[in-house]
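Each chain, letter by letter, is given below.
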Amino acid sequence: MGKDLIMVSVIVVLGCLGVCNGAELSNDFYKKSCPDAELIVRNITWNRAASNSVLAAKLLRMYFHDCFVRGCDASILLDGDGSEEVEKETIPNGSLSGYDVIDDIKDELERVCPGVVSCADILALAARDSVSFQFQKSLWKVQTGRRDGSVSLASEANANLPSPFADFATLKQQFADKNLDVQDLVVLSGAHTLGVAHCATFSSTRLYEFSVDTETDPTLDSTYAAFLKTQCPNPASRDTTAEMDPQSSLSFDNNYFSVLLQNKGLLQSDAALVTDEESTKIVSQLQKSNDFVAKFAQSMKKMGAIQVLTGDAGEIRTNCRRVNPS
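Note that residues are indexed from 1 along each chain, following the sequence as it is written. Only residues with pLDDT of 70 or above have their local features reported here, since the model is predicted, and side-chain atom pairs are shown and tallied only from 80 upward, although totals for entire chains, interfaces and linings are computed over all residues. The basis for every side-chain value is the complete set of non-hydrogen atoms in the structure, without hydrogens or water.

**Student:** Which residues make up empty space enclosed by the protein, and what are the values?
**Tutor:** Grid points spaced at 1 Å and placed over the protein atoms alone form the basis of the search, with a cavity being a set where a 1.4 Å probe fits but cannot get out and a pocket an open set showing protein on both sides within 12 Å along at least five of seven lines. Lining residues have an atom within 4 Å of a point. Grid points are joined across faces, edges and corners, and a volume is the space filled by probe spheres set on the points. In the structure shown here, the tally under the stated rule is three cavities of 30 Å³ or more. The calculated volume of the largest cavity comes to roughly 80 Å³. Taken together, L25, Y63, W140, K141, V142, Q143, R146, M300, K301, G304 and A305 make up the lining of the largest cavity. Note on residue classes: Ala, Val, Leu, Ile, Met, Phe, Trp, Tyr, Cys and Pro are nonpolar, Asp, Glu, Lys and Arg are charged, and everything else, Gly too, is polar. Here the lining of the largest cavity is composed, by residue class, of six nonpolar, two polar and three charged.

**Student:** Got a sec to walk through the state of the cysteines? Specific residues and values, please.
**Tutor:** Cysteine sulfur atoms that pair up within 2.5 Å are treated as a disulfide. What the rule picks out here adds up to four disulfides. With its sulfur 2.1 Å from that of its partner, C67 forms a disulfide with C72. Judged by the torsion about the S-S bond (115°), the C67/C72 disulfide is right-handed. The pair formed by C67 and C72 is uniform in burial state, with each residue classed as buried. Under the scheme applied here, a residue whose accessible area is under 20% of the maximum for its type counts as buried, over 50% as exposed, and between as partly exposed, the area being computed with a 1.4 Å probe on protein chains only.

**Student:** Go over a negative patch on the surface with me, naming the residues and quoting the values.
**Tutor:** Patches were defined on residues exceeding 30% relative accessible area and lacking a salt bridge, with like-charge contacts within 9 Å and nonpolar side-chain contacts (Val, Leu, Ile, Met, Phe, Trp, Tyr) within 5 Å. Accessible surface area values rest on a Shrake-Rupley calculation with a 1.4 Å probe, where residue burial reflects the displayed protein chains alone. For salt bridges, the criterion is a side-chain nitrogen of Lys or Arg within 4 Å of an Asp or Glu carboxyl oxygen. Counted as positive: Lys and Arg. Counted as negative: Asp and Glu. His and the chain ends are not counted at all. Just so you know, the charge point we use is NZ for Lys, CZ for Arg, CG for Asp and CD for Glu. Side chains of D81, E84, E85 and E89 sit close together on the surface and give a patch of like negative charge. Helix numbers and strand numbers start at the N terminus; a helix is a DSSP run of H or I with at least 4 residues, a strand a run of E with at least 2. Topologically, D81 is positioned in the loop between α2 (55-67) and α3 (99-112). For D81, a relative accessible area of 65% translates into the label exposed.

**Student:** Could you give an account of the pattern of salt bridges, naming the residues involved and the relevant values?
**Tutor:** For the coordinates displayed, the defined rule picks out 16 salt bridges. The partner of K141 in a salt bridge is D28, and the shortest N-O contact between them spans 3.0 Å. One end of the pair, K141, is in the loop between α4 (119-132) and α5 (154-160); the other, D28, is in the segment before α1 (37-49), and 113 residues separate them in sequence. In this structure, D181 and K302 form a salt bridge, with 4.0 Å as the shortest nitrogen-oxygen distance. Highlighted residues: D181 in the loop between α6 (168-176) and α7 (182-189) and K302 in helix α13 (residues 292-303), separated in sequence by 121 residues. Residues joined by salt bridges that share partners form a network here, namely D79, K88, D103 and R321.

**Student:** Can you explain unusual backbone geometry? Please cite residues and give values.
**Tutor:** Cis geometry marks the peptide bond from N234 to P235; its omega dihedral reads 0°. Within the secondary structure, P235 sits in the loop between α9 (222-231) and β2 (241-243). The phi dihedral of R70 is positive, around 65°, even though this residue is not glycine. Along the polypeptide, R70 turns up in the loop between α2 and α3. In this structure, Q247 is a non-glycine residue whose phi angle is positive, near 75°. Inspection of the secondary structure assignment puts Q247 in the loop between β2 and α10 (255-261).

**Student:** So what's going on with the packing of α1 against α3? Residues and values would help.
**Tutor:** For any two helices packed against each other, the geometry is given by the interaxial angle and the distance between the axes. Interhelical geometry of α1 versus α3 gives an angle of 145° and a closest axis separation of 10 Å. In this structure, α1 meets α3 at a crossing whose hand is right-handed. Touching A37, I40, V41, I44, T45 and R48 of α1 are D100, V101, D104, I105, E108, L109 and V112, all from α3. Counted by class, the contact of α1 with α3 contains eight nonpolar, one polar and four charged residues. To define axes, lines are fitted to C-alpha atoms, for helices over the stretch in contact only, and angles between the resulting N-to-C directions are given on a 0 to 180 degree scale. The crossing is said to be left-handed when, going from far helix to near helix, the turn is anticlockwise and less than a right angle, and right-handed when the turn is clockwise. Contacts are residue-level and defined by heavy atoms, with any inter-residue pair within 4.5 Å sufficient.

**Student:** Tell me about the layout of surface pockets, residues and numbers included.
**Tutor:** Space inside the largest pocket adds up to approximately 250 Å³. Taken together, 15 residues make up the lining of the largest pocket; nearest its centre are D79, G80, D81, V86 and S152. Residue composition of the lining of the largest pocket, by class: five nonpolar, four polar and six charged.

See the structure below:
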């Protein structure tokens, strides 16, 4: 969404808004063609998550950035060939990481079931499994059957990845353009319970240069703002970060919604969720209940079906970084 930022991205994508080409995603798509596919993805992802506490934030961010540009077609994974910049070469995507995990999974699946499991499905499953590692069980069912796209353009990522400074009206419209509602907007923003943001993405506009009349954004809790200034000097260092969900950035939980209600949303796009009556009500409900994981599962299913390639569209890449040879 912003430079070096682990967060949910909201993108306007032209084209079909649901499942393309007539076919549909389904549960257990690989039951006959590659029965151990989901187990292989889970085992490798959990093995890597055991030694990398921020893997869930990384893979969730990568999955969102994939789905919101050209749909969930693994276009974010494609390397450039030098002729034109691809999605991963843009500033908003420059700090994405975790590609090596997807590569390892793909290598093993190609060994066991060559040419069967798409990179798009691998990313969808790995994102789920990285979050689920904390609980040692799958938190939601991922429908599969996606196929891989062959186009990745930096220009589309630059045009479609919105700023972390977006206001509520902008976010609401962008989600509506994807057939996602305010509930999805709030719930998917809950992914910010994981990960960090680089100070450069918020410090100048929220801490030091909010307006000509006030240095600091008055909607930001003053004690929290003072703390952030100790973490993020002005000008901000490129490598300095702050937790998206203070004290809970390694745990997938509903604490993010408590943070919002305390006026401690780190980004303006976080704070925007409590500037609207409908979204504030949803934030409050999620903060008070134990429904976050179930609601997140529902919204992830909707997001995971955006503009997917199915049936005979697209291809099954043998290498997630390159389209198949003609």
